[in-house]
Amino acid sequence: MLTYTDAQGDFYVSDSGRLVHLEHLRVRSVQHAANSLAYVNNVGDLIYYGGHQQKRLDVSNPTFYRNTDYYLYYGNGGSFSLFDGNERKYLGFIQNNPYCFGDSIAAMHDYAEFFYVYEAGQFMELEQQPVLTATAGDNILAYVNHIGQFRIYFHGEQMDIDSYGPIMIQAGANTVTFIDNYQFMKVFWNGQVYELMNLPQINCLSSNYSPNPYLSSYCNGPIVVDVQTELPVCKTGDDLVAYVDDIGDFYVFYKGIITALENQPPRQYEIIDNVLWYEDGNGFFKVFCNGELAVVETYMPKTIRADKDIVAYTDLDNRLKAHYKGKTQAVSQNIILQFDLNSTMVMYSEIPNKFKFQIIR
């Protein structure tokens, strides 16, 4: 599903090939997921649309909300809750303690500051003291407990990874990338830990000072290879990690296999879900997806959107194209003004306030 607002301010969603009118006034914000959307309307009410139905949650001016493929998470009145499309569930109290949300997993503290994970409709207690940091991927949780131990929760199992807190943590589906206390970059994937490389120097672009001795070297921002180019040393997705080593070579880790992509750093790169796209040293546009690398264009598009298995972009004439399952296809025959992508649906306009929808196959 994708949404748009027309010239009169009416808000519509394209749902299974039909347009549904949702609001008469412009909405404040909207978030799309694979089979649902959530938005805050003109008066501040949080609305959920899924299963071909609009559902009002009796929540006004939420502190935050995040719509995922499994749950809608939101904060209101000092508490965390989720909505699964049918019922709401209270998760925990908003405190100064860390919390995190993924597509199908959430972690938070209760009033007694016990640390819990919520998955598949069940709560599981992980710690009886507040944790120091927590990061969630789509279905995985990584955290540092109150005495600096690094642990991962995955598929119902809590695992001790290191006695010392890492310098950095990133997470995607089935995947956690971390830099340990000895500056080795490692990947936890599908229950195993793989060592990628050693970083002789750590350059953190944000302040990494913490008064807690267990987090004194933790980096909350990107870690870069070169502070002048500010190219991140790694990015993590679903079963996927792209990284640049200390001599500038560019690699990808995919489902336990490491592949050299370039013998020089990319000019830029990004991971969305299971898709890695990047600009190589020659300015070519390349995509790595499902274990395959493709040269998509010999130039770098101005606008790029990516979602599971798909990269959509504008060519040099500002026409819309998509790269899917190793093949590139034209989406629009004419110059477009704007476009958006959600799952396999592309929405684009060739004239102001008129939109077309197409499923990428």
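Everything that follows concerns the structure shown earlier in this document.
Residues numbered from 1 in each chain as written. Predicted model: local features only at pLDDT ≥ 70, side-chain atom pairs only at ≥ 80, totals over all residues. Heavy atoms only, no water.

Peer 1: Even after reading the chapter, I still don't get the pattern of salt bridges, so can you show me in this structure?
Peer 2: Side chains bearing opposite charge may pair, as long as their charged atoms lie close to each other. Tallying each qualifying case throughout the model produces 13 salt bridges. Here Asp160 ties to Arg151 by a salt bridge, and the two come within 2.6 Å at their closest N and O atoms. A relative accessible area of 59% means that Asp160 is categorised as exposed. In this structure, the salt-bridge partner of Arg267 is Glu279, at a minimum N-O distance of 3.4 Å. Linking Arg267 in the loop between strand E29 (257-262) and strand E30 (268-272) with Glu279 in strand E31 (residues 275-279), this pair joins segments that are 12 residues apart in sequence. By relative accessible area, which is 11% here, Glu279 ends up buried. Here the salt bridges do not stand alone but share partners, grouping Asp69, Asp307 and Lys308 into one network. (Salt bridge = Lys/Arg side-chain N within 4 Å of Asp/Glu carboxyl O. Buried < 20%, exposed > 50% of the residue type's maximum accessible area, 1.4 Å probe, protein only. Helix = DSSP H or I, 4+ residues; strand = E, 2+ residues; numbered from the N terminus.)

Peer 1: Explain unusual backbone geometry here, please?
Peer 2: Among all residues save glycine, negative phi is the norm, and among peptide bonds the norm is trans. The residue His52 is not glycine, and still its phi comes out positive at about 65°. You can see His52 is positioned in the loop between strand E6 (45-50) and strand E7 (53-60). Residue Asn290 is not a glycine yet carries a positive backbone phi of 55°. For Asn290, the location among the structural elements is in the loop between strand E32 (285-289) and strand E33 (292-297). A relative accessible area of 43% places Asn290 in the partly exposed class.

Peer 1: Where do I start with the environment of Ile271 in this structure?
Peer 2: Here Ile271 lies in strand E30. Remark: the alpha-carbon pair of Ile271 and Gly237, spanning 34 residues in sequence, is separated by 5.9 Å.

Peer 1: Before we go on, may I ask you to explain the environment of Ile272 in this structure?
Peer 2: When you line up the elements, Ile272 lands in strand E30. With relative accessibility at 30%, the residue Ile272 sits in the partly exposed group. For the pair Ile272 and Ala242, spaced 30 residues apart in sequence, the C-alpha separation works out to 11 Å. When residues no more than four places from it in sequence are discounted, the contact partners of Ile272 are Ala306 and Asp307. (Contact = heavy atoms within 4.5 Å.)

Peer 1: Explain the sheet that holds strand E28 (residues 250-254) to me, please; I cannot follow it from the model alone.
Peer 2: The pairing of strands in a sheet comes from backbone hydrogen bonds and takes either a parallel or an antiparallel form. Sheet architecture is open: 4 strands sit in the order E26-E27-E28-E29, paired in antiparallel fashion. The open sheet has two free edges, formed respectively by strand E26 (234-237) and E29, since each of these has just one partner strand. For this sheet, the mean angle separating the axes of adjacent strands, direction not counted, is 15°. Both strand E27 (residues 240-244) and E28 contribute to a ladder of 5 bridges, which runs antiparallel. Paired with Val241 across the strands is Phe253, a residue of E28. (Pairing = 2+ DSSP bridges. Axes fitted to C-alpha atoms, helices over the stretch in contact; angles between N-to-C directions.)

Peer 1: Is there a simple way to explain the packing of aromatic side chains in this structure?
Peer 2: How two aromatic rings sit relative to each other is set out by the distance from centre to centre and by the angle between their planes. Counted according to the given criterion, the structure contains 27 aromatic pairs. On the basis of an interplanar angle of 45° and a centroid distance of 5.7 Å, the ring pair of Tyr99 and Phe101 is categorised as tilted. Since its relative accessible area comes to 36%, Tyr99 is described here as partly exposed. For Phe101, a relative accessible area of 8% gives the class buried. Clustering of aromatic rings is evident, with ring pairs tying together Phe64, Tyr70, Tyr71, Tyr73, Phe80, Tyr99, Phe101, Tyr118 and Phe123. (Phe/Tyr/Trp six-rings, centres within 6.5 Å; stacked < 30°, edge-to-face > 60°.)

Peer 1: I'm lost on the sheet that holds strand E9 (residues 72-76) in this one. Help?
Peer 2: Here 4 strands make up an open sheet; going across it, the order is E8-E9-E10-E11 and the pairing antiparallel. Pairing within the sheet leaves two strands with one partner each, and these edge strands are strand E8 (64-67) and strand E11 (88-93). In this sheet, adjacent strand axes meet at a mean angle of 20° when their direction is disregarded. Of the pairings in the sheet, the one linking strand E10 (residues 79-83) to E11 comprises 5 bridges and is antiparallel in character. By the bridge assignment, Ser79 is partnered in E11 with Phe93.

Peer 1: Is there a simple way to explain the state of the cysteines in this structure?
Peer 2: Cysteine pairs can be covalently joined through their sulfur atoms, and such a bond is termed a disulfide. The final tally for this structure, using the stated rule, is 1 disulfide. The side chain of Cys204 participates in a disulfide bridge whose partner is Cys219; the two sulfur atoms lie 2.0 Å from each other. Every disulfide takes its handedness from the sign of the S-S torsion; for Cys204 and Cys219 that torsion is 80°, giving right-handed. With Cys204 in strand E24 (residues 203-204) and Cys219 in the loop between E24 and strand E25 (223-224), this pair connects stretches of sequence that are 15 residues apart. Among the cysteines around Cys100, which has no disulfide bond, Cys219 carries the closest sulfur, lying 18 Å off. Note on Cys100: relative accessible area 8%, which makes it buried. Between Cys234, a free cysteine, and Cys219, which holds the nearest cysteine sulfur, the sulfur-to-sulfur gap is 10 Å. (Disulfide = S-S within 2.5 Å.)

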